[in-house]
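Commentary on secondary and tertiary structure
This is what each chain is made of:
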Amino acid sequence: MQKKGKSIALAVLLILVAGAAVFGAIYGSRQTTAPSGSSGAVNAGRAQIHLSEDNTTASGAGISLDQKKVMINKGGTYYLEGELTDGQIYVKVGDKETVTLSLEGVTISNKTEHPIHVENAKETILTSGSDAVNTITAGEGVSVSSDKDTQVAAVFSRDDLTVEKGNYNVTASGDGFHCNDDMVFRGGDITIRCGDDGVHANEELKVLDGRITVTESYEGLEANQITIESGEHAITASDDGLNANGGPESSGGGPGGRPGAHRPGQEEDESADEGKEDGTNKEKTPNLIITGGKLMVDAQGDGLDSNGNLIVKGGEIVVDGPSSDGDGALDTAGECRIDGGVILAVGSSGMAETFDEASGQCCFRYGFDSQFAENTEISILDETGKEIFQHVNKRSAASIVFSSPELEKGKKYTIKAGDRTEEITLDKVSSSFGTEPRIMGGKGPGGRRPGAPRGERPSSF
(Lines give C-alpha, C1' and ligand atoms only; values in the text may rest on other atoms or scores of the structure.)
Protein backbone atom coordinates (compact mmCIF):
# COMPACT_ATOMS: atom_id res chain seq x y z
CA MET A 1 0.00 0.00 0.00
CA GLN A 2 2.85 2.39 0.83
CA LYS A 3 4.51 1.81 -2.59
CA LYS A 4 1.15 2.26 -4.36
CA GLY A 5 0.54 5.52 -2.45
CA LYS A 6 3.91 6.90 -3.57
CA SER A 7 3.11 5.98 -7.17
CA ILE A 8 -0.22 7.85 -7.02
CA ALA A 9 1.46 10.92 -5.45
CA LEU A 10 4.12 10.89 -8.19
CA ALA A 11 1.48 10.65 -10.89
CA VAL A 12 -0.46 13.59 -9.43
CA LEU A 13 2.75 15.65 -9.28
CA LEU A 14 3.50 14.92 -12.94
CA ILE A 15 -0.03 15.96 -13.94
CA LEU A 16 0.33 19.26 -12.05
CA VAL A 17 3.70 20.02 -13.66
CA ALA A 18 2.34 19.23 -17.12
CA GLY A 19 -0.72 21.41 -16.50
CA ALA A 20 1.44 24.31 -15.36
CA ALA A 21 3.54 24.01 -18.49
CA VAL A 22 0.47 24.09 -20.72
CA PHE A 23 -0.99 27.07 -18.82
CA GLY A 24 2.32 28.89 -19.09
CA ALA A 25 2.47 28.28 -22.81
CA ILE A 26 -1.07 29.57 -23.32
CA TYR A 27 -0.59 32.56 -21.01
CA GLY A 28 2.74 33.41 -22.58
CA SER A 29 1.23 33.36 -26.07
CA ARG A 30 -1.45 35.79 -24.93
CA GLN A 31 1.20 38.22 -23.76
CA THR A 32 3.31 38.22 -26.90
CA THR A 33 0.72 38.07 -29.65
CA ALA A 34 -1.54 40.82 -30.85
CA PRO A 35 -4.80 41.64 -29.10
CA SER A 36 -7.98 40.20 -30.56
CA GLY A 37 -8.75 41.92 -33.85
CA SER A 38 -5.19 43.16 -34.33
CA SER A 39 -3.39 42.52 -37.58
CA GLY A 40 0.05 41.99 -36.08
CA ALA A 41 2.10 41.37 -32.94
CA VAL A 42 2.48 43.81 -30.06
CA ASN A 43 5.72 44.51 -28.26
CA ALA A 44 6.23 42.41 -25.13
CA GLY A 45 7.35 43.95 -21.86
CA ARG A 46 8.84 47.44 -21.56
CA ALA A 47 10.21 48.77 -24.84
CA GLN A 48 12.78 51.43 -24.04
CA ILE A 49 14.44 53.87 -26.45
CA HIS A 50 17.31 56.11 -25.42
CA LEU A 51 17.98 58.84 -27.97
CA SER A 52 21.60 59.89 -28.33
CA GLU A 53 23.60 61.91 -30.85
CA ASP A 54 26.25 59.21 -31.13
CA ASN A 55 24.55 55.97 -30.17
CA THR A 56 20.77 55.64 -29.91
CA THR A 57 19.89 52.39 -28.18
CA ALA A 58 16.69 50.37 -27.84
CA SER A 59 15.48 47.36 -25.91
CA GLY A 60 12.29 45.41 -26.45
CA ALA A 61 10.45 44.18 -29.51
CA GLY A 62 9.05 46.27 -32.36
CA ILE A 63 12.00 48.65 -32.76
CA SER A 64 14.62 48.99 -35.47
CA LEU A 65 17.32 51.64 -35.74
CA ASP A 66 18.72 53.19 -38.90
CA GLN A 67 21.31 55.78 -38.00
CA LYS A 68 19.22 58.62 -36.50
CA LYS A 69 15.87 57.14 -37.49
CA VAL A 70 13.96 55.14 -34.89
CA MET A 71 11.39 52.89 -36.57
CA ILE A 72 8.49 51.36 -34.65
CA ASN A 73 6.83 48.45 -36.45
CA LYS A 74 4.61 46.83 -33.80
CA GLY A 75 1.73 48.12 -31.75
CA GLY A 76 2.43 48.68 -28.07
CA THR A 77 3.90 51.16 -25.62
CA TYR A 78 7.36 52.69 -26.11
CA TYR A 79 9.22 54.78 -23.55
CA LEU A 80 11.58 57.40 -24.98
CA GLU A 81 14.19 59.64 -23.41
CA GLY A 82 17.31 61.51 -24.47
CA GLU A 83 18.27 63.99 -27.20
CA LEU A 84 18.62 63.65 -30.95
CA THR A 85 19.41 66.25 -33.62
CA ASP A 86 18.20 65.68 -37.20
CA GLY A 87 16.47 62.54 -36.00
CA GLN A 88 13.06 61.01 -36.47
CA ILE A 89 10.63 58.71 -34.68
CA TYR A 90 8.85 56.85 -37.49
CA VAL A 91 5.75 54.75 -36.79
CA LYS A 92 4.41 52.25 -39.30
CA VAL A 93 2.28 49.42 -37.88
CA GLY A 94 -0.84 47.49 -38.87
CA ASP A 95 -4.17 49.19 -39.52
CA LYS A 96 -5.65 47.82 -36.27
CA GLU A 97 -2.65 48.46 -34.03
CA THR A 98 -2.28 51.30 -31.54
CA VAL A 99 1.06 52.81 -30.61
CA THR A 100 1.67 54.74 -27.38
CA LEU A 101 4.75 56.95 -27.25
CA SER A 102 5.60 57.85 -23.67
CA LEU A 103 7.99 60.79 -23.96
CA GLU A 104 10.06 61.28 -20.83
CA GLY A 105 11.96 64.54 -21.38
CA VAL A 106 12.74 63.98 -25.06
CA THR A 107 14.48 66.62 -27.18
CA ILE A 108 14.31 65.90 -30.90
CA SER A 109 14.73 68.08 -33.99
CA ASN A 110 14.81 67.69 -37.74
CA LYS A 111 15.39 70.38 -40.37
CA THR A 112 13.83 68.60 -43.35
CA GLU A 113 11.46 65.91 -42.02
CA HIS A 114 8.81 65.60 -39.34
CA PRO A 115 10.60 64.69 -36.08
CA ILE A 116 7.62 62.48 -35.17
CA HIS A 117 6.04 60.84 -38.23
CA VAL A 118 3.17 58.35 -38.09
CA GLU A 119 2.83 56.69 -41.47
CA ASN A 120 0.28 54.07 -40.47
CA ALA A 121 -1.55 53.02 -37.29
CA LYS A 122 -5.05 52.71 -35.94
CA GLU A 123 -4.15 55.41 -33.43
CA THR A 124 -1.03 56.96 -31.97
CA ILE A 125 -1.07 58.29 -28.40
CA LEU A 126 1.43 60.78 -27.00
CA THR A 127 1.77 60.65 -23.24
CA SER A 128 4.31 61.05 -20.45
CA GLY A 129 4.90 59.68 -16.99
CA SER A 130 6.88 62.70 -15.77
CA ASP A 131 6.76 66.48 -15.61
CA ALA A 132 9.83 66.80 -17.83
CA VAL A 133 9.41 69.04 -20.90
CA ASN A 134 9.51 67.36 -24.31
CA THR A 135 10.97 69.66 -26.95
CA ILE A 136 10.12 68.97 -30.60
CA THR A 137 11.56 71.23 -33.31
CA ALA A 138 10.89 70.98 -37.05
CA GLY A 139 12.35 72.92 -39.96
CA GLU A 140 14.90 75.68 -40.22
CA GLY A 141 14.78 79.40 -39.60
CA VAL A 142 12.77 80.02 -42.77
CA SER A 143 10.14 82.67 -43.36
CA VAL A 144 6.64 81.26 -43.26
CA SER A 145 5.86 83.20 -46.42
CA SER A 146 8.26 80.94 -48.34
CA ASP A 147 7.38 77.86 -50.41
CA LYS A 148 5.00 75.66 -48.41
CA ASP A 149 6.78 72.58 -49.76
CA THR A 150 9.69 73.39 -47.44
CA GLN A 151 7.56 73.62 -44.31
CA VAL A 152 7.73 70.75 -41.84
CA ALA A 153 5.29 69.73 -39.11
CA ALA A 154 6.69 68.86 -35.69
CA VAL A 155 4.24 65.98 -35.18
CA PHE A 156 2.66 64.47 -38.29
CA SER A 157 0.18 61.59 -38.48
CA ARG A 158 -1.80 60.10 -41.33
CA ASP A 159 -4.17 58.45 -38.85
CA ASP A 160 -5.86 59.26 -35.53
CA LEU A 161 -3.65 61.12 -33.08
CA THR A 162 -4.22 61.67 -29.34
CA VAL A 163 -2.30 63.76 -26.82
CA GLU A 164 -3.07 62.21 -23.45
CA LYS A 165 -0.77 64.08 -21.07
CA GLY A 166 2.71 65.54 -20.73
CA ASN A 167 4.53 68.82 -21.25
CA TYR A 168 5.43 69.75 -24.84
CA ASN A 169 7.35 72.67 -26.31
CA VAL A 170 6.78 72.58 -30.07
CA THR A 171 8.40 74.74 -32.74
CA ALA A 172 7.79 74.16 -36.45
CA SER A 173 8.20 75.92 -39.76
CA GLY A 174 4.87 74.33 -40.76
CA ASP A 175 2.09 72.98 -38.52
CA GLY A 176 2.82 72.27 -34.88
CA PHE A 177 0.59 69.17 -34.88
CA HIS A 178 -0.80 67.85 -38.16
CA CYS A 179 -3.27 64.96 -38.45
CA ASN A 180 -4.84 63.68 -41.67
CA ASP A 181 -7.70 62.16 -39.65
CA ASP A 182 -9.11 62.88 -36.15
CA MET A 183 -7.10 64.45 -33.33
CA VAL A 184 -7.90 64.57 -29.60
CA PHE A 185 -6.29 66.47 -26.72
CA ARG A 186 -7.21 64.78 -23.44
CA GLY A 187 -4.71 66.72 -21.35
CA GLY A 188 -1.18 67.98 -21.31
CA ASP A 189 0.50 71.37 -21.29
CA ILE A 190 1.38 72.24 -24.88
CA THR A 191 3.15 75.37 -26.12
CA ILE A 192 3.34 75.84 -29.89
CA ARG A 193 5.22 78.35 -32.04
CA CYS A 194 4.85 77.69 -35.74
CA GLY A 195 4.69 79.13 -39.24
CA ASP A 196 1.39 77.58 -40.28
CA ASP A 197 -1.38 76.05 -38.14
CA GLY A 198 -0.77 75.46 -34.48
CA VAL A 199 -2.95 72.34 -34.69
CA HIS A 200 -4.45 71.02 -37.93
CA ALA A 201 -6.75 68.03 -38.38
CA ASN A 202 -8.35 67.21 -41.70
CA GLU A 203 -11.41 65.75 -40.00
CA GLU A 204 -12.22 66.35 -36.32
CA LEU A 205 -10.33 68.13 -33.57
CA LYS A 206 -11.51 67.58 -29.99
CA VAL A 207 -10.02 69.46 -27.05
CA LEU A 208 -11.31 67.65 -23.98
CA ASP A 209 -8.91 69.14 -21.43
CA GLY A 210 -5.39 70.41 -20.89
CA ARG A 211 -3.69 73.65 -21.79
CA ILE A 212 -2.86 74.65 -25.37
CA THR A 213 -0.88 77.85 -25.82
CA VAL A 214 -0.15 78.92 -29.40
CA THR A 215 2.22 81.87 -29.14
CA GLU A 216 2.69 82.36 -32.89
CA SER A 217 0.93 80.88 -35.91
CA TYR A 218 -0.73 81.65 -39.22
CA GLU A 219 -3.94 79.99 -38.03
CA GLY A 220 -4.28 78.66 -34.49
CA LEU A 221 -6.58 75.62 -34.56
CA GLU A 222 -7.99 74.30 -37.83
CA ALA A 223 -10.20 71.31 -38.65
CA ASN A 224 -13.51 70.49 -40.31
CA GLN A 225 -15.10 69.82 -36.92
CA ILE A 226 -13.74 71.59 -33.81
CA THR A 227 -15.05 70.91 -30.31
CA ILE A 228 -13.66 72.47 -27.14
CA GLU A 229 -15.01 71.02 -23.90
CA SER A 230 -12.58 72.06 -21.16
CA GLY A 231 -9.11 73.31 -20.33
CA GLU A 232 -7.40 76.70 -20.56
CA HIS A 233 -6.23 77.78 -24.00
CA ALA A 234 -4.61 80.88 -25.47
CA ILE A 235 -4.39 81.14 -29.25
CA THR A 236 -2.40 83.79 -31.14
CA ALA A 237 -2.67 83.92 -34.94
CA SER A 238 -1.75 86.32 -37.71
CA ASP A 239 -4.87 85.14 -39.53
CA ASP A 240 -7.81 83.13 -38.10
CA GLY A 241 -7.72 82.05 -34.48
CA LEU A 242 -10.00 78.99 -34.77
CA ASN A 243 -11.12 77.87 -38.22
CA ALA A 244 -13.73 75.18 -38.88
CA ASN A 245 -12.92 74.76 -42.54
CA GLY A 246 -14.14 72.91 -45.61
CA GLY A 247 -17.78 72.11 -46.22
CA PRO A 248 -19.87 71.96 -49.38
CA GLU A 249 -19.37 75.67 -50.06
CA SER A 250 -15.56 75.48 -50.20
CA SER A 251 -13.98 76.05 -53.57
CA GLY A 252 -10.54 77.01 -54.77
CA GLY A 253 -7.51 77.81 -52.70
CA GLY A 254 -5.71 75.66 -50.22
CA PRO A 255 -6.28 74.86 -46.56
CA GLY A 256 -7.92 77.75 -44.71
CA GLY A 257 -8.47 79.47 -48.03
CA ARG A 258 -4.77 79.93 -48.70
CA PRO A 259 -4.25 79.80 -52.48
CA GLY A 260 -2.13 76.94 -53.71
CA ALA A 261 -1.26 75.57 -50.27
CA HIS A 262 -1.20 71.87 -49.52
CA ARG A 263 -0.67 69.76 -46.46
CA PRO A 264 2.43 67.79 -45.40
CA GLY A 265 2.62 64.30 -46.84
CA GLN A 266 -0.29 64.85 -49.19
CA GLU A 267 1.66 64.08 -52.34
CA GLU A 268 2.95 60.83 -50.82
CA ASP A 269 -0.42 59.23 -50.14
CA GLU A 270 -3.35 59.99 -52.40
CA SER A 271 -5.75 58.16 -50.08
CA ALA A 272 -4.65 59.97 -46.94
CA ASP A 273 -7.25 62.71 -47.27
CA GLU A 274 -9.89 60.53 -48.93
CA GLY A 275 -9.99 62.67 -52.04
CA LYS A 276 -9.81 66.03 -50.25
CA GLU A 277 -7.09 67.48 -52.44
CA ASP A 278 -6.55 70.56 -50.29
CA GLY A 279 -6.72 68.74 -46.95
CA THR A 280 -10.27 69.81 -46.10
CA ASN A 281 -13.52 67.88 -45.85
CA LYS A 282 -15.94 69.13 -48.48
CA GLU A 283 -18.69 66.64 -47.59
CA LYS A 284 -19.46 67.63 -43.99
CA THR A 285 -20.79 71.00 -42.89
CA PRO A 286 -18.11 72.51 -40.63
CA ASN A 287 -18.93 73.00 -36.96
CA LEU A 288 -17.13 74.99 -34.29
CA ILE A 289 -18.62 73.99 -30.93
CA ILE A 290 -17.51 75.30 -27.54
CA THR A 291 -19.10 73.77 -24.44
CA GLY A 292 -16.65 74.71 -21.67
CA GLY A 293 -13.19 75.77 -20.65
CA LYS A 294 -11.42 79.12 -20.92
CA LEU A 295 -10.40 80.37 -24.34
CA MET A 296 -8.40 83.49 -25.21
CA VAL A 297 -8.04 84.29 -28.90
CA ASP A 298 -5.75 86.97 -30.32
CA ALA A 299 -6.29 86.98 -34.09
CA GLN A 300 -5.49 89.55 -36.76
CA GLY A 301 -7.90 87.74 -39.08
CA ASP A 302 -11.21 86.21 -38.01
CA GLY A 303 -11.31 85.27 -34.33
CA LEU A 304 -13.80 82.38 -34.39
CA ASP A 305 -14.33 81.37 -38.02
CA SER A 306 -16.65 78.63 -39.24
CA ASN A 307 -17.45 77.86 -42.84
CA GLY A 308 -20.57 76.28 -41.34
CA ASN A 309 -21.97 76.64 -37.81
CA LEU A 310 -20.68 78.25 -34.62
CA ILE A 311 -22.36 76.97 -31.45
CA VAL A 312 -21.41 78.15 -27.95
CA LYS A 313 -22.90 76.22 -25.03
CA GLY A 314 -20.54 77.12 -22.21
CA GLY A 315 -17.11 78.30 -21.19
CA GLU A 316 -15.50 81.71 -20.94
CA ILE A 317 -14.29 83.14 -24.24
CA VAL A 318 -12.47 86.37 -25.04
CA VAL A 319 -11.68 87.24 -28.65
CA ASP A 320 -9.35 90.09 -29.56
CA GLY A 321 -10.19 90.18 -33.24
CA PRO A 322 -9.08 92.20 -36.26
CA SER A 323 -8.81 95.92 -36.88
CA SER A 324 -9.37 95.48 -40.63
CA ASP A 325 -12.95 95.67 -41.87
CA GLY A 326 -12.43 92.65 -44.13
CA ASP A 327 -12.40 90.34 -41.10
CA GLY A 328 -14.51 89.85 -38.00
CA ALA A 329 -14.18 88.67 -34.43
CA LEU A 330 -16.94 86.18 -35.31
CA ASP A 331 -17.41 84.89 -38.85
CA THR A 332 -19.81 82.14 -39.87
CA ALA A 333 -21.45 80.82 -43.03
CA GLY A 334 -24.29 79.06 -41.21
CA GLU A 335 -25.91 79.05 -37.79
CA CYS A 336 -24.37 81.28 -35.12
CA ARG A 337 -25.91 80.45 -31.75
CA ILE A 338 -25.14 80.84 -28.07
CA ASP A 339 -26.97 78.80 -25.44
CA GLY A 340 -24.64 79.27 -22.46
CA GLY A 341 -21.29 80.56 -21.31
CA VAL A 342 -19.71 84.00 -21.47
CA ILE A 343 -18.16 85.59 -24.55
CA LEU A 344 -16.67 88.99 -25.32
CA ALA A 345 -15.63 89.41 -28.95
CA VAL A 346 -13.92 92.65 -29.89
CA GLY A 347 -12.96 93.61 -33.43
CA SER A 348 -13.63 95.72 -36.51
CA SER A 349 -17.15 96.81 -37.38
CA GLY A 350 -17.00 96.32 -41.16
CA MET A 351 -18.29 92.75 -41.12
CA ALA A 352 -19.16 92.42 -37.44
CA GLU A 353 -21.45 89.48 -36.73
CA THR A 354 -23.38 88.50 -33.64
CA PHE A 355 -25.37 85.48 -32.52
CA ASP A 356 -28.75 84.53 -33.97
CA GLU A 357 -32.13 85.40 -32.48
CA ALA A 358 -32.71 81.65 -32.12
CA SER A 359 -30.06 81.56 -29.38
CA GLY A 360 -31.01 80.35 -25.92
CA GLN A 361 -29.17 83.22 -24.21
CA CYS A 362 -29.30 86.98 -24.65
CA CYS A 363 -26.52 88.74 -26.51
CA PHE A 364 -25.78 92.10 -28.11
CA ARG A 365 -23.50 93.76 -30.63
CA TYR A 366 -22.52 97.41 -30.40
CA GLY A 367 -20.86 99.17 -33.34
CA PHE A 368 -18.99 102.40 -32.63
CA ASP A 369 -18.76 105.13 -35.28
CA SER A 370 -14.95 105.14 -34.97
CA GLN A 371 -12.31 102.81 -33.60
CA PHE A 372 -11.08 102.96 -30.04
CA ALA A 373 -7.36 102.37 -29.46
CA GLU A 374 -5.58 99.27 -28.26
CA ASN A 375 -5.20 98.84 -24.51
CA THR A 376 -8.63 100.38 -23.92
CA GLU A 377 -10.48 99.16 -20.85
CA ILE A 378 -13.84 97.70 -21.83
CA SER A 379 -16.54 97.18 -19.19
CA ILE A 380 -20.09 95.84 -19.28
CA LEU A 381 -22.30 96.94 -16.37
CA ASP A 382 -25.86 96.08 -15.41
CA GLU A 383 -28.48 98.69 -14.52
CA THR A 384 -27.39 98.71 -10.86
CA GLY A 385 -23.83 99.59 -11.86
CA LYS A 386 -22.46 96.13 -11.15
CA GLU A 387 -19.62 95.18 -13.49
CA ILE A 388 -20.48 91.99 -15.37
CA PHE A 389 -17.29 91.76 -17.43
CA GLN A 390 -14.07 93.67 -17.96
CA HIS A 391 -11.28 93.37 -20.54
CA VAL A 392 -8.43 95.40 -22.01
CA ASN A 393 -8.28 94.99 -25.80
CA LYS A 394 -5.07 94.18 -27.66
CA ARG A 395 -5.65 96.17 -30.86
CA SER A 396 -7.87 98.98 -32.12
CA ALA A 397 -11.50 98.00 -32.62
CA ALA A 398 -14.97 99.41 -33.27
CA SER A 399 -17.31 96.54 -32.40
CA ILE A 400 -18.17 94.66 -29.23
CA VAL A 401 -20.19 91.44 -29.08
CA PHE A 402 -21.12 90.21 -25.61
CA SER A 403 -23.23 87.44 -24.12
CA SER A 404 -23.60 86.17 -20.57
CA PRO A 405 -26.18 84.27 -18.52
CA GLU A 406 -26.54 87.55 -16.57
CA LEU A 407 -28.09 89.36 -19.54
CA GLU A 408 -31.89 89.58 -19.52
CA LYS A 409 -34.33 90.78 -22.14
CA GLY A 410 -35.91 94.12 -21.21
CA LYS A 411 -33.04 95.14 -18.92
CA LYS A 412 -30.67 98.13 -19.36
CA TYR A 413 -26.90 97.82 -19.62
CA THR A 414 -23.94 100.18 -19.92
CA ILE A 415 -21.00 99.67 -22.27
CA LYS A 416 -17.77 101.49 -21.48
CA ALA A 417 -14.79 101.64 -23.83
CA GLY A 418 -12.26 104.05 -22.37
CA ASP A 419 -13.95 107.45 -22.13
CA ARG A 420 -16.91 106.33 -24.26
CA THR A 421 -20.12 105.32 -22.52
CA GLU A 422 -23.18 103.87 -24.23
CA GLU A 423 -26.46 102.75 -22.64
CA ILE A 424 -28.64 100.08 -24.24
CA THR A 425 -31.84 98.18 -23.51
CA LEU A 426 -32.10 94.59 -24.69
CA ASP A 427 -35.37 94.39 -26.60
CA LYS A 428 -34.88 90.86 -27.88
CA VAL A 429 -32.60 87.83 -27.51
CA SER A 430 -30.07 89.12 -30.06
CA SER A 431 -29.87 92.93 -30.13
CA SER A 432 -27.70 95.19 -32.30
CA PHE A 433 -26.92 98.83 -31.61
CA GLY A 434 -24.84 101.64 -33.06
CA THR A 435 -23.15 101.54 -36.44
CA GLU A 436 -24.24 98.73 -38.75
CA PRO A 437 -21.65 96.49 -40.47
CA ARG A 438 -20.56 97.95 -43.83
CA ILE A 439 -19.68 94.67 -45.57
CA MET A 440 -22.55 92.23 -45.82
CA GLY A 441 -22.92 88.74 -47.34
CA GLY A 442 -20.85 87.06 -50.03
CA LYS A 443 -18.72 84.87 -47.80
CA GLY A 444 -15.91 83.14 -49.60
CA PRO A 445 -14.01 79.94 -48.72
CA GLY A 446 -13.20 79.75 -45.03
CA GLY A 447 -15.91 82.33 -44.34
CA ARG A 448 -13.83 85.12 -45.89
CA ARG A 449 -15.41 87.86 -47.97
CA PRO A 450 -13.97 87.96 -51.51
CA GLY A 451 -11.02 90.30 -51.73
CA ALA A 452 -10.64 90.68 -47.97
CA PRO A 453 -7.02 91.11 -46.84
CA ARG A 454 -5.17 88.49 -44.85
CA GLY A 455 -3.35 89.21 -41.63
CA GLU A 456 0.41 89.48 -41.66
CA ARG A 457 2.21 86.17 -41.41
CA PRO A 458 4.62 85.67 -38.51
CA SER A 459 8.21 86.82 -38.91
CA SER A 460 11.05 84.36 -39.47
CA PHE A 461 12.07 82.23 -36.53
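Residues numbered from 1 in each chain as written. Predicted model: local features only at pLDDT ≥ 70, side-chain atom pairs only at ≥ 80, totals over all residues. Heavy atoms only, no water.

1. Some words on the environment of threonine 414
- Inspection of the secondary structure assignment puts threonine 414 in strand E37 (residues 412-417).
- Along the sequence, threonine 414 and serine 379 sit 35 residues apart, while their C-alpha atoms lie 8.0 Å from each other.
- Once residues lying within four places of it in the same chain are set aside, the contact partners of threonine 414 are Ser379, Ile380, Leu381, Thr421, Glu422 and Glu423. (Helix = DSSP H or I, 4+ residues; strand = E, 2+ residues; numbered from the N terminus. Contact = heavy atoms within 4.5 Å.)

2. Points about the packing of aromatic side chains
- The full count for this structure, using the stated rule, is five aromatic pairs.
- Geometrically, the ring pair formed by phenylalanine 177 and phenylalanine 185 is edge-to-face, given 5.7 Å between the ring centres and 80° between the ring planes. Each member of the pair, phenylalanine 177 as well as phenylalanine 185, is classed as buried.
- Ring geometry for phenylalanine 389 versus phenylalanine 402: centroids 5.8 Å apart, planes at 50°, classification tilted. On the criterion of sequence distance, the pair formed by phenylalanine 389 in strand E35 (residues 387-392) and phenylalanine 402 in strand E36 (residues 397-403) is long-range, its members being 13 residues apart. Neither residue differs from the other here; phenylalanine 389 and phenylalanine 402 are each classed as buried.
- One aromatic cluster is present, built from ring pairs that chain together Phe364, Phe389 and Phe402.
- Its end group placed over the ring of tyrosine 90, lysine 69 keeps NZ or CZ at 4.2 Å from the ring centre. (Phe/Tyr/Trp six-rings, centres within 6.5 Å; stacked < 30°, edge-to-face > 60°. Buried < 20%, exposed > 50% of the residue type's maximum accessible area, 1.4 Å probe, protein only. Lys NZ or Arg CZ within 6 Å of the ring centre and 35° of its normal.)

3. Observations regarding the sheet that holds E37
- Spatially, the four strands line up as an open sheet ordered E35-E34-E37-E38, and their pairing is antiparallel. The open sheet terminates on both sides in strands that have one partner only, identified here as E35 and strand E38 (420-425). With strand direction ignored, the average angle separating the axes of adjacent strands in the sheet is 15°.
- The pairing of strand E34 (residues 377-382) with E35 spans five bridges and is antiparallel. Bridging across to E35, leucine 381 finds its partner in glutamate 387. (Pairing = 2+ DSSP bridges. Axes fitted to C-alpha atoms, helices over the stretch in contact; angles between N-to-C directions.)

4. Looking at the nonpolar core
- The biggest cluster of nonpolar side chains holds 70 residues, and the ones touching the most others in it are Leu101, Phe177, Met183, Phe185, Leu304 and Phe355.
- Those residues in contact with phenylalanine 177 that sit more than four places away from it in its chain are Leu126, Val155, Leu161, Val163, Val170, Met183, Phe185, Ile190, Ile192, Gly198, Val199 and His200.
- Core analysis: the next-biggest nonpolar cluster, separate from the first, contains 23 residues, Tyr366, Phe372, Ile378 and Ile424 among them. (Core = buried A, V, L, I, M, F, W, Y, C linked by side-chain atoms within 4.5 Å.)

5. Concerning the sheet that holds strand E30 (residues 330-332)
- Strand order in the open sheet formed by 11 strands is E3-E4-E6-E9-E12-E15-E18-E21-E24-E27-E30, and the pairing between neighbours is mixed. Looking at the sheet topology across the chains shown, the edges are occupied by strand E3 (63-66) and E30. Going from strand to strand, the sheet's axes swing by 10° on average, the running direction of each strand aside.

6. Digging into the pairing of strand E11 (residues 133-138)
- The two faces of E11 differ: Asn134, Ile136 and Ala138 on one face are buried, but Val133, Thr135 and Thr137 on the other face are not.
- Bridging between E11 and strand E14 (residues 167-172) involves six bridges; their strand directions are parallel. Its bridge partner lying in E14, threonine 137 is registered against threonine 171.

7. Digging into unusual backbone geometry
- Phi angles above zero are rare outside glycine, and glutamine 67 is one such case at about 55°.
- Examined against the element boundaries, glutamine 67 turns out to sit in the loop between E3 and strand E4 (69-72).
- By relative accessible area, glutamine 67 is classed as exposed at 77%.

8. Some details on the environment of glutamate 219
- As for its position among the elements, glutamate 219 is in strand E21 (residues 219-223).
- Exposure remark for glutamate 219: the relative accessible area of 1% places this residue in the buried category.
- Sequence-wise, glutamate 219 and alanine 237 are 18 residues apart; in three dimensions their C-alpha atoms are separated by 5.2 Å.
- Within polar-contact distance, the side chain of glutamate 219 engages the side chain of asparagine 243 at 3.2 Å. (Polar contact = N/O pair within 3.5 Å; in protein donor to acceptor, adjacent residues only side chain to side chain.)

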